[in-house]
Amino acid sequence: MLVLCAVCRVPGGSAANVMKGLANISAGSVHCKFMGMVGSDTVAQDYLHKLKQQNVQPVLLESREGPTASCLCFVTPDGQRTMRTCLGASAHLTSSSMLPAGWASGAALLHCEGYCLYRPQLAREAMREAKQHGALVSIDLASFECVANCKQPLMELLQEGLVDLVFANEEEAVALLEVVSASGSTPAGAAAGAGADAAAAQVQAAQEYVLQYAQVCVVTLGPRGCIARAPGGLVGTSPAGSVQVVDTIGAGDYFTSGFLYAYLLGCSLEQCAAVGCQAGSEAVQTKGAVLSDAARQRLRSNVATIVGTKKSSAGSEKQSAGSAAAAAAARLRRARCTCC
């Protein structure tokens, strides 16, 4: 049976959702920017207006070569979603030289969504410029198709040391492991165990490969929560919240925003994972990845409780895995988080 519902338009895209989440959680303590390219149309004006409503500063270049990108999301009664995307004008942003001069100055973090790997020049240039200005760089792998189709630029960015934090779901982590195995660099233990044990071994092997080049690798496990790893055997886990799922659109993005917020504060991996899961749990309870005022207040309160235990629980893990993050935290209130 097909049930038709009213169409709800919200400012989206993975990276934009991460900035919305950071802005929501931080209540203004993090200055969030979203950089992209839009068409010369009313959709672009609506997008700009709604980003501002979420306390995200839009830096939107305009192209006359296509419409503003749109993604049509079909949501089933159990909250699962299928997406069909038109990249439109966004595909014409191909180099960081097109961005406003000084865009990376003062930034604490540059977050990139995996789809930027389809424009490797843009990804490489933006990451290099961010790193030159002392910013951390994070990337979400976006989808298993993205990992498979963009394996070369992804591997090159990792091996050049341009990425500090990598986010993936379980499916994307397995796809990454397959890419690594095909290149003849299969990590030890990748095929160990059976069933759930095999899946856990694959996730760990993918994370250990990433950690040859990055500071942190985080894998979300759906209703089983998440696992984060850092060099030296440091591990942080958190269960997912037990909530009524309305819509899974943007849940992973809000998880990422929560984890990044705690990481920038210098929290332990365990705390970062817990904050991420709190943010993701709020996102699945609302339509279209836009939190209500009540949800934002509840999320901020829960996050404050988690990060408030930082001094007593972070210990040596905080000192080791969070050293670069602590440096970013020192300038958190005056710094910007930017995404493209």
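Residues numbered from 1 in each chain as written. Predicted model: local features only at pLDDT ≥ 70, side-chain atom pairs only at ≥ 80, totals over all residues. Heavy atoms only, no water.

(A) Examining the pattern of salt bridges more closely. Tallied over the entire structure, the rule returns eight salt bridges. A salt bridge links Glu156 to Arg124, with the nearest nitrogen and oxygen atoms 3.0 Å apart. Note that Glu156 is positioned in helix 5 (residues 151-159) and Arg124 in helix 3 (residues 120-132), a separation of 32 residues in sequence. Glu156 gets classed as partly exposed once you look at its relative accessible area, which sits at 33%. Of the charged contacts, one joins Arg296 and Asp293 as a salt bridge, the two residues approaching to 2.1 Å between their closest N and O atoms. Of this pair, Arg296 and Asp293 both sit in helix 10 (residues 293-307), three residues apart, which is roughly one turn of the helix. Exposure remark for Arg296: the relative accessible area of 16% places this residue in the buried category. (Salt bridge = Lys/Arg side-chain N within 4 Å of Asp/Glu carboxyl O. Helix = DSSP H or I, 4+ residues; strand = E, 2+ residues; numbered from the N terminus. Buried < 20%, exposed > 50% of the residue type's maximum accessible area, 1.4 Å probe, protein only.)

(B) Local environment of helix 1 (residues 14-26). In this model, helix 1 (13 residues) spans 18 Å end to end at C-alpha, consistent with the 18 Å of a helix rising 1.5 Å per residue. In terms of burial, helix 1 is largely enclosed, as 13 of its 13 residues are buried. The first or second residue beyond helix 1 is Ala27, which carries a positive phi of 55 degrees. (Expected span 1.5 Å × (residues − 1).)

(C) Here's a closer look at the confidence of the model for the chain. With 86% of its residues at a pLDDT of at least 70, the chain reaches an overall mean of 88. Confidence drops under a pLDDT of 50 for residues 311-322, and excluding neighbours within four residues, the segment shows 17 contacts in the predicted structure. Residue range residues 327-331 is modelled with pLDDT below 50. Its contacts to residues more than four positions away, or to other chains, number ten contacts. (pLDDT = per-residue confidence, 0-100. Contact = heavy atoms within 4.5 Å.)

(D) Local environment of the nonpolar core. Counting residues in each nonpolar core, the largest one holds 51 residues, and the members touching the most others are Val216 and Phe259. If you tally residues by element for this core, the top one is helix 8 (residues 251-264), at nine residues. The residues touching Phe259, leaving out its near neighbours within four places in the chain, are Leu165, Phe167, Val216, Val218, Ala228, Leu269, Cys272, Ala273 and Gly276. (Core = buried A, V, L, I, M, F, W, Y, C linked by side-chain atoms within 4.5 Å.)

(E) Spotlight on the environment of Arg9. With respect to the helices and strands, Arg9 occurs in the segment before helix 1. Distance from Arg9 to Asp46, taken between C-alpha atoms, is 9.0 Å for residues 37 residues apart in sequence.

(F) Local environment of helix 8. Along its 14 residues, helix 8 runs 20 Å from first to last C-alpha, staying within 8% of the 20 Å computed at 1.5 Å per residue. Among the 14 residues in helix 8, 13 count as buried, and that is most of the element. At the C-terminal side of helix 8, Gly266 shows a positive phi close to 85 degrees.

(G) Representation of empty space enclosed by the protein in the model. Evaluated as defined, the whole model comprises one cavity of 30 Å³ or more. The calculated volume of the largest cavity comes to roughly 40 Å³. If you trace the largest cavity, you find it lined by Leu141, Val166, Ala168, Ala173, Leu176, Ala206, Gln207, Val210, Cys217 and Val219. Where the lining of the largest cavity is concerned, the elements lending two or more residues are strand 7 (165-169), helix 6 (170-182), helix 7 (196-210) and strand 8 (216-220). The element best represented in the lining of the largest cavity is helix 7, accounting for three residues. When grouped by side-chain class, the residues that make up the lining of the largest cavity number nine nonpolar, one polar and no charged. (1 Å grid on protein atoms, 1.4 Å probe; cavity = no way out; pocket = protein on both sides within 12 Å on 5 of 7 lines; lining within 4 Å. Points joined across faces, edges and corners; volume = space filled by probe spheres on them. Nonpolar A, V, L, I, M, F, W, Y, C, P; charged D, E, K, R; others polar.)

(H) Focus on the pairing of strand 5 (residues 107-113). Within strand 5, seven of the seven residues are buried, which leaves it mostly tucked inside the rest of the structure. Bridge count for strand 5 against strand 6 (residues 136-140) is five bridges, and the pairing is parallel. Counterpart to Glu113 in the pairing with strand 6 is Asp140. For the crossover from strand 5 across helix 3 to strand 6, the handedness is right-handed. (Pairing = 2+ DSSP bridges. Right-handed = clockwise from strand over helix to strand, strands pointing away.)

(I) Spatial organisation of the packing of aromatic side chains. As enumerated under the stated definition, the model contains six aromatic pairs in all. Residues Phe255 and Phe259 carry aromatic rings whose centres are separated by 6.3 Å and whose planes lie at 35 degrees to one another, so their mutual orientation is tilted. With Phe255 and Phe259 both in helix 8, this residue pair falls four residues apart, about one helical turn. Of the two residues, Phe255 and Phe259, both sit in the buried class. Look at Phe259 and Tyr263: their rings are 6.4 Å apart centre to centre, the planes differ by 20 degrees, and that puts the pair in the stacked class. Taken together, the residues span about one helical turn, with Phe259 and Tyr263 both in helix 8 at a distance of four residues. The class for Phe259 is buried, based on a relative accessible area of 0%. Taken together through their ring pairs, the aromatic side chains of Phe167, Phe255, Phe259 and Tyr263 make up a single cluster. (Phe/Tyr/Trp six-rings, centres within 6.5 Å; stacked < 30°, edge-to-face > 60°.)

(J) Summary view of the state of the cysteines. The full count for this structure, using the stated rule, is zero disulfides. Just so you know, Cys146 is unpaired, no disulfide at all, and the nearest cysteine sulfur is the one on Cys150, 4.3 Å from it. Since its relative accessible area comes to 0%, Cys146 is described here as buried. (Disulfide = S-S within 2.5 Å.)

(K) Up close: unusual backbone geometry. The backbone of Ala27 shows a phi angle near 55 degrees, a positive value even though the residue is not glycine. Inspection of the secondary structure assignment puts Ala27 in the loop between helix 1 and strand 1 (31-39). Look at Ala27 and you get exposed, because its relative accessible area is 51%. A positive phi is found at Ala142, a non-glycine position, where the angle reads about 75 degrees.

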